[in-house]
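# Observations on the model geometry
Listed below, chain by chain, are the residues.
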Amino acid sequence: MEPIKRDLYLNRLVERRENGLIKVITGIRRCGKSYLLFRLYYQYLLDSGVEASRIIRVPLDDDDFEELRDSRKLSGYIRGCITDEGTWFVFLDEVQMCKGFESVLNGLNRRDNLDIYVTGSNSKFLSSDVLTEFRGRGDEVRVFPLSFSEYVSAYNGDQYDAWIDYYNYGGLPLILSRKTDELKSRYLIDLCKELYLKDIEERHRLRGDHVMDTLVNILASAVGSLTNPTKLANTFSSNGIRVSDKTIGAYIGYLLDAFFINKAERYDIKGKKYIASPFKYYFTDVGLRNARLNFRQQEENHIMENIIYNELLVRGFNIDVGVVERSERNESGKAVRKKLEVDFVCNRGNQRYYIQSAFAIPDRDKMQQEQKSLVHIGDSFKKIIVVKDRIKLWRNEEGIVVMGIMEFLLNPNSLEL
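Residues numbered from 1 in each chain as written. Predicted model: local features only at pLDDT ≥ 70, side-chain atom pairs only at ≥ 80, totals over all residues. Heavy atoms only, no water.

## Overview of the environment of Trp88
The residue Trp88 is located in strand β3 (residues 88-93) in this model. Between the C-alpha atoms of Trp88 and Asp112, which are 24 residues apart in sequence, the distance is 9.7 Å. In contact with Trp88, not counting residues within four places along its chain, are Ser53, Arg54, Ile56, Cys81, Ile82, Thr83, Asn113, Leu114 and Asp115. One polar contact links Trp88 to Asp84, side chain to side chain, over a distance of 3.2 Å. (Helix = DSSP H or I, 4+ residues; strand = E, 2+ residues; numbered from the N terminus. Contact = heavy atoms within 4.5 Å. Polar contact = N/O pair within 3.5 Å; in protein donor to acceptor, adjacent residues only side chain to side chain.)

## A short note on helix α11 (residues 245-257)
For α11, with 13 residues, the first-to-last C-alpha span of 18 Å sits near the 18 Å given by 1.5 Å per residue. Turning to α11, its buried residues are Ile248, Tyr251, Ile252, Gly253, Leu255 and Asp257. Immediately beyond the C-terminal end of α11, within one or two residues, lies Phe259, with a positive phi of roughly 65 degrees. (Expected span 1.5 Å × (residues − 1). Buried < 20%, exposed > 50% of the residue type's maximum accessible area, 1.4 Å probe, protein only.)

## A word on the nonpolar core
The nonpolar side chains of soluble globular proteins are, as a tendency, buried together. Counting residues in each nonpolar core, the largest one holds 99 residues, and the members touching the most others are Phe91, Leu255, Phe260, Leu312, Ile355 and Phe408. Here the element with the most residues in this core is helix α8 (residues 181-203); it accounts for nine residues. When neighbours within four sequence positions are excluded, Phe91 is seen to be in contact with Leu37, Phe38, Tyr41, Tyr42, Leu45, Ile55, Ile56, Arg57, Val58 and Tyr117. Within the second largest apolar cluster, 22 residues are counted, among which are Leu68, Ile82, Trp88 and Val118. (Core = buried A, V, L, I, M, F, W, Y, C linked by side-chain atoms within 4.5 Å.)

## Brief notes about the pairing of strand β10 (residues 335-348)
Of the strand pairs in this sheet, strand β9 (residues 318-329) and β10 are connected by 11 bridges, and their pairing is antiparallel. Each residue of the ladder has a partner; that of Gly322, found in β10, is Val342. Inspection of the sheet shows β10 paired to strand β11 (residues 351-358) by five bridges, in the antiparallel sense. Looking at the pairing, Phe344 lines up with Ile355 of β11. A loop of two residues connects β10 with β11, the two strands running antiparallel in sequence, and Gly349 in this loop sits at a positive phi of about 60 degrees. (Pairing = 2+ DSSP bridges.)

Spelled out as structure tokens, the structure:
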């Protein structure tokens, strides 16, 4: 398998080099955090003139380093490697495996000559214990599974074949080394069961609890649909399983903390306020979503929406589900308030974009349906409809940009077109 370039994340680390902060590289397990730090960034440092002996690397998930999961031994090991006052680079992989790692990092960070990088696979653990514990001295770099453009760069075939594989099997890097559909599907099914969900069950002592299994399946079946813990608890109840909305809320929190899913909140665009509930949930990797359903429910339109959401996260946007309220006349002529949905309200700094995911727009009626919420927003920010079709980008009479999914995903400046 060809080496995969992950220049987006590599550049984010390069920009943070020796900035006095602890670089916290987060993301779902097996998304490439270790590869980024221990291979790509390590090679960058070597190429920039850093001696290999000045880079202290500790992969805590490696059995050879098991004894360093003790905080005192880890601290002693690292300090023992430092022999002078020059700059030393410290790489700690899966740092949450060391109990008491906070005190180790706090002590090391007091030394001016250390540049510290850690990876971890649980957001709550790291956010509360590093980014909060160090009061502004932590600097997070979130890593995602391969974007479609990264996937295509290492795929043996054209971009249209790559798309079929990608929306079926997702972007976990090792999926590219599995040569057959059977091997790919088995890899993802086993990862779900034996790694991700087992991790959550062990961390939160959920053994023998089938609620988590069922919850993940329900979320996978309804990806991108509006829901909340109460609605989900009712779904359980209708299937003869009694579980409280509080329990469902806690379990969703566990999945979010493990980067298994992401949540999009609803935002009233005209009222400029968040709507408390319901939410939308998307899977960090669509291959894992499909694996949970044994690759049965392959609705390409819903999967495409999930992929667009993930791409926007990779590009650094904060993403909400937009709601536009407007008054319409019903059949009897009475004025009624209607809520129209915008798939994604995307914010990054002073930039904002409104994006609709539309699998196909075969005629004028479908165009009217897809753009209805966009034309009633009433501000001047850019509005985009992304379609599955292989089309040339165009602007319709409402000034809305319509582009194909390939152009959106493969052109890093697609939102500026």
